[in-house]
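Examination of the molecular architecture
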Amino acid sequence: MHNLSDIKEIKYILEKFGFSFSKSLGQNFIVNPGICPKIAESAEIGERDGVLEIGPGIGVLTSELAKKAAKVVAIELDKRLPEILKYTLEDFNNVKIIGADALKIDLRAVIDENFSDCEDVHICANIPYYITSPLIMKLLEDKLPVKDITVMVQKEAADRLCAEVGTRASGAITVAVNYFAVAQKLFTVSRGSFMPSPKVDSAVIKLTVRDNPDIAVDEEFFFKMVKAAFSKRRKTAVNAISTGMNIPKEQVASALEESGLECNVRAETMNMNELAALCGNLQRLL
Ligand code: SAH
């Protein structure tokens, strides 16, 4: 079996296939042997479970996932990699590579086609950082039949995604993540664990998907309001929502009052229930 976190073997593989890293595809491969077993462990994969991976690279995490799961399906955009993965993962018969853009492919169809005989489905990946927000939003908004999403992201992104709603560190994406899942920051990974080594440290987070949201809102209207409320960090919510949603200031102010909120409240100080109340009252007044 190939040892894909042995630096000598990695260099041999890259040379054998004449592979050079693509910066624009966010390629930073894990070379610290301690990391992938730890990520796979955190995903809590049962032997009858399926795992969907985004961006396998040369397969260092893929192989750890394949040791635990019934089946692993990995989506990779770089056309040069499937040939390399065929070699590096030749000892596994439960891995399938799909050459596609993870942002464009129909992930529900991928899951339905590949994991129908699996128990739980997990998403687990060291994702390309340049698409962190859209990818995480897609994974959640598509309401995929998955139990959890265990991914490595930039440390700053991890802090934002896992912040408590209603605190300074929170943003619109914190609210969105919290709506669909319970977010946990698991552990940090230093930049030296990658090749090439990026300019920032990383962290592994786990999003445990909720069966049902904790708050009852009109989803479309709620996310429009949240996006508007957080769009101007220094503005009060009343101004940001009024401008962003093109609603007269007085109406937003009434909705805030009816929700028991101060008229000068800022988006990042409201918790989920307050945001939900504001959403309901605002929509009713329109
Ligand atoms: N998981 C590997 C590689 C991480 S680098 C490791 O930890 O070593 C990110 C990977 O995502 C690269 O393989 C890159 O080619 C791939 N990638 C980049 N953009 C992608 C996209 N839109 N869809 C799928 N894969 C993508």
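As the structure is a computational prediction, the values presented were derived from the model and not from experiment. (Residues numbered from 1 in each chain as written. Predicted model: local features only at pLDDT ≥ 70, side-chain atom pairs only at ≥ 80, totals over all residues. Heavy atoms only, no water.)

Moving on, we come to the site of the ligand. Neighbouring the ligand are 23 residues, the closest being Gly 55, Glu 76, Asp 101, Asn 126 and Tyr 130. Contacts to the ligand include Gly 55, whose backbone N or O atom sits 2.8 Å from a nitrogen atom. Expressed as a share of its isolated accessible area of 570 Å², the protein-covered part of the ligand is 99%. Looking at the shell around the ligand, its residues break down into 13 nonpolar, 6 polar and 4 charged. (Near = heavy atom within 4 Å. Polar contact = N/O pair within 3.5 Å; in protein donor to acceptor, adjacent residues only side chain to side chain. Areas by Shrake-Rupley, 256 points an atom, 1.4 Å probe, with all protein chains shown as cover. Nonpolar A, V, L, I, M, F, W, Y, C, P; charged D, E, K, R; others polar.)

As a further point, take helix H11 (residues 249-258). Regarding H11, the residues found buried are Val 252, Ala 255 and Leu 256. Around the axis of H11, the buried residues are gathered within 100° of arc, so they sit on the same side. Among the exposed residues of H11, those oriented more than 90 degrees off its buried face are Glu 250 and Glu 257. In this fold, the buried residues of H11 make contact with helix H10 (237-245) and helix H12 (272-285). Positive phi shows up at Gly 260, right after H11, with a value of about 75°. (Buried < 20%, exposed > 50% of the residue type's maximum accessible area, 1.4 Å probe, protein only. Helix = DSSP H or I, 4+ residues; strand = E, 2+ residues; numbered from the N terminus. Arc of directions from axis to C-beta. Contact = heavy atoms within 4.5 Å.)

What follows covers the packing of helix H8 (residues 172-180) against helix H9 (residues 219-231). Where H8 contacts H9, the axes come no closer than 9 Å and their chain directions differ by 155°. Here H8 lies roughly antiparallel to H9, going by the angle between them. Between H8 and H9, the residues in contact are Ala 172, Val 175, Ala 176, Tyr 179 and Phe 180 and Glu 219, Phe 222, Phe 223, Val 226 and Phe 230, respectively. Split by residue class, the contact of H8 with H9 holds 9 nonpolar, no polar and 1 charged. (Axes fitted to C-alpha atoms, helices over the stretch in contact; angles between N-to-C directions. Parallel < 35°, antiparallel > 145°, perpendicular 65-115°, else oblique.)

Moving on, we get to the state of the cysteines. Taken as a whole and judged by the stated rule, the model has 0 disulfides. Unpaired in this structure, Cys 118 has its nearest cysteine sulfur neighbour in Cys 124, at a distance of 15 Å. Cys 118 gets classed as buried once you look at its relative accessible area, which sits at 14%. Free cysteine Cys 124: the closest other cysteine sulfur is in Cys 36, separated by 8.6 Å. Judged by relative accessible area, which is 0%, Cys 124 ranks as buried. (Disulfide = S-S within 2.5 Å.)

Turning our eyes to something else, we now look at the sheet that holds strand E3 (residues 71-76). Here we have 7 strands laid out as an open sheet, ordered E4-E3-E2-E5-E6-E9-E7, and mixed in their pairing. With partners counted over all chains shown, the strands left at the sheet margins are strand E4 (95-99) and strand E7 (181-189), one partner each. Mean inter-strand twist for the sheet, computed between neighbouring axes without regard to direction, equals 20°. Here strand E2 (residues 50-54) pairs with E3 via 5 bridges, running parallel. Its bridge partner lying in E3, Ile 54 is registered against Ile 75. The sheet strands contacting helix H5 (residues 107-114) are E2, E3, E4 and strand E5 (121-126), and the helix crosses E3 at an angle near 150°. (Pairing = 2+ DSSP bridges.)

In this section: unusual backbone geometry. The linkage connecting Met 195 with the following residue, Pro 196, adopts the cis geometry, with an omega of -15°. Along the polypeptide, Pro 196 turns up in the loop between strand E8 (194-195) and strand E9 (202-209). Positive phi, normally seen in glycine, also occurs at Lys 143, with a value near 50°. Summarising the element assignment, Lys 143 is placed in the loop between helix H6 (132-141) and strand E6 (148-154). Residue Lys 143 is classed as partly exposed on the basis of its relative accessible area, which comes to 45%.

What follows is about the environment of Tyr 179. Note on placement: Tyr 179 falls in helix H8. Taking the C-alpha atoms as reference, Tyr 179 lies 10.0 Å from Glu 141; in sequence the two are 38 residues apart.

Following the sequence through the fold, Asn 114 ends up in helix H5. A distance of 3.2 Å separates polar atoms of two side chains, one belonging to Asn 114 and the other to Lys 71. Once residues lying within four places of it in the same chain are set aside, the contact partners of Asn 114 are Lys 71, Val 73, Lys 96 and Ile 98.

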